Amino acid sequence: MAQKPKVDPHVGRLGYLQALVTEFQETESEDAKEQVLANLANFAYDPSNYQYLRQLQVLDLFLDSLSEENETLVEFAIGGLCNLCSDKANKEHILQTGGVPLIINCLSSPNEETVLSAVTTIMYLSSPGSGSHPELTAMPVVQCMLRFSLSANTRLRNLAQIFLEEFCSPSQVAEARSWRAHSALGIPLPKTEAPQQP
């Protein structure tokens, strides 16, 4: 079992977060990395931490962790980004540092929570009716959302339907439905899905 970070309780919030980041960077233990990333993702939920997390480059740490082989690290990293991206400055940082393709890649994760956080993050990064970042509503993403809208998982199905209605034009959805070379068909649904009916 991973130990709690060795942090002096009197160092303040910034010092505590700095200690977590340092521990993540220095530890060799996968368990410790997972625990620290989970803690950072939880701190990302509180807007009073946004400035500190930007200062400590935690957004970049989360983005870098999306490329990890360890699915648990990816889950916590996308969860942290999901918590952070409702803030305008955080959203701009993610969009301008090439975070979108990394987030879109999470749609193909076998981990259900990773996929749910990725869909929610894409929605936060998108602006309804705006084409400022067309990669967020590129055809493979729309096709993927169409597949998710048929999911047995209610949360995933509902998120995908909201995405299709709020962030995609009717013509984009129609085009995605009509494509025969479905590039998103190779994206598996998360493993925790109910088995497909015959």
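Residues numbered from 1 in each chain as written. Predicted model: local features only at pLDDT ≥ 70, side-chain atom pairs only at ≥ 80, totals over all residues. Heavy atoms only, no water.

Engineer: I'm lost on the overall build of the protein in this one. Help?
Structural biologist: What the protein contains, in helices and strands, is 11 helices and zero strands. Split into buried and exposed, the 198 residues of the protein put 45% on the buried side. In the protein, the proportion of contacts linking residues at least 24 apart, taken out of those at least 6 apart, comes to 68%. Carbon and sulfur atoms form 51% of the exposed surface of the protein, whose accessible area is close to 10,500 Å². (Helix = DSSP H or I, 4+ residues; strand = E, 2+ residues; numbered from the N terminus. Buried < 20%, exposed > 50% of the residue type's maximum accessible area, 1.4 Å probe, protein only. Contact = heavy atoms within 4.5 Å. Areas by Shrake-Rupley, 256 points an atom, 1.4 Å probe, with all protein chains shown as cover.)

Engineer: Even after reading the chapter, I still don't get the packing of helix H9 (residues 139-148) against helix H10 (residues 154-167), so can you show me in this structure?
Structural biologist: A packed helix pair is summarised by two numbers, namely the angle formed by the two axes and the spacing between the axes. Running from N to C, H9 and H10 cross one another at 140°; their axes reach a closest spacing of 8 Å. For the element pair H9 / H10, the angle class is oblique. The element H9 and its partner H10 pack so that their crossing is left-handed. Packed against H9, whose contacting residues are Val 141, Val 142, Met 145, Leu 146 and Phe 148, the element H10 presents Leu 156, Arg 157, Ala 160, Phe 163 and Leu 164 at the interface. Looking at the contact of H9 with H10, its residues break down into nine nonpolar, no polar and one charged. (Axes fitted to C-alpha atoms, helices over the stretch in contact; angles between N-to-C directions. Parallel < 35°, antiparallel > 145°, perpendicular 65-115°, else oblique. Left-handed = near helix turned anticlockwise from the far one by under 90°. Nonpolar A, V, L, I, M, F, W, Y, C, P; charged D, E, K, R; others polar.)

Engineer: Explain the nonpolar core to me, please; I cannot follow it from the model alone.
Structural biologist: For soluble globular proteins, the rule of thumb is that nonpolar side chains tend to be buried together. The biggest cluster of nonpolar side chains holds 55 residues, and the ones touching the most others in it are Leu 40, Phe 62, Leu 66, Leu 107, Val 119, Met 145 and Phe 148. Not counting residues up to four positions away in its chain, the partners in contact with Val 119 are Leu 107, Met 145, Phe 148, Leu 156 and Leu 159. (Core = buried A, V, L, I, M, F, W, Y, C linked by side-chain atoms within 4.5 Å.)

Engineer: Honestly, helix H5 (residues 71-84) in this entry has me stumped. Any pointers?
Structural biologist: Between its first and last C-alpha, H5 extends 20 Å over 14 residues, near the 20 Å set by a 1.5 Å rise per residue. Within H5, the full set of buried residues consists of Leu 73, Val 74, Ala 77, Ile 78, Gly 79, Gly 80, Leu 81, Cys 82 and Leu 84. The residue sitting at the N-terminus of H5 and contributing the capping side-chain oxygen is Asn 70; that oxygen lies 2.8 Å from the backbone nitrogen of Thr 72. (Expected span 1.5 Å × (residues − 1). Polar contact = N/O pair within 3.5 Å; in protein donor to acceptor, adjacent residues only side chain to side chain.)

Engineer: Would you explain the packing of helix H4 (residues 58-65) against H5 in this entry?
Structural biologist: In the contact formed by H4 and H5, the axes pass within 8 Å of each other and the chain directions differ by 140°. It follows that H4 is oblique to H5 by the angle criterion. In this structure, H4 crosses over H5, and the sense of that crossing is left-handed. Residues Leu 59, Phe 62, Leu 63 and Ser 65 of H4 touch H5, and the partners they reach there are Leu 73, Val 74, Phe 76, Ala 77, Gly 80, Leu 81 and Leu 84.

Engineer: When you look at the pattern of salt bridges in this model, what are you seeing that I'm missing?
Structural biologist: Oppositely charged side chains can pair when the atoms bearing their charge come close. Tallying each qualifying case throughout the model produces three salt bridges. Notably, a salt bridge pairs Asp 87 with Arg 54, separated by 3.0 Å at the nearest N-O pair. Taken together, the positions of Asp 87 in the loop between H5 and helix H6 (88-96) and Arg 54 in helix H3 (residues 50-55) put the pair 33 residues apart, joining distant regions of the chain. Looking at Arg 54, the relative accessible area reads 32%, which means it is partly exposed. For the salt bridge of Glu 113 with Arg 155, the shortest nitrogen-to-oxygen distance reads 2.6 Å. Here the residue Glu 113 occupies a position in helix H8 (residues 112-125), and Arg 155 occupies one in helix H10, the gap between them amounting to 42 residues. A residue is classified by how much of its surface remains accessible, and Glu 113, at 32% relative accessible area, is partly exposed. (Salt bridge = Lys/Arg side-chain N within 4 Å of Asp/Glu carboxyl O.)

Engineer: What am I meant to see in the side chain of Lys 91 here?
Structural biologist: Turning to its location among the elements, Lys 91 is positioned in helix H6. Here Lys 91 occupies a buried position and makes no salt bridge, while the nearest side chain of opposite charge, Glu 92, is found at 5.8 Å. Those residues in contact with Lys 91 that lie beyond four places of it in its chain are Cys 85, Tyr 124, Leu 125, Ser 126 and Ser 127. (Lys, Arg positive; Asp, Glu negative; His and termini not counted.)

Engineer: It is not clear to me how the packing of aromatic side chains should be interpreted in this structure. Could you clarify?
Structural biologist: Scanning the entire structure with this criterion turns up two aromatic pairs. Residue placement shows Lys 33 over the ring face of Phe 24; its charged tip is 4.3 Å from the ring centre. (Phe/Tyr/Trp six-rings, centres within 6.5 Å; stacked < 30°, edge-to-face > 60°. Lys NZ or Arg CZ within 6 Å of the ring centre and 35° of its normal.)

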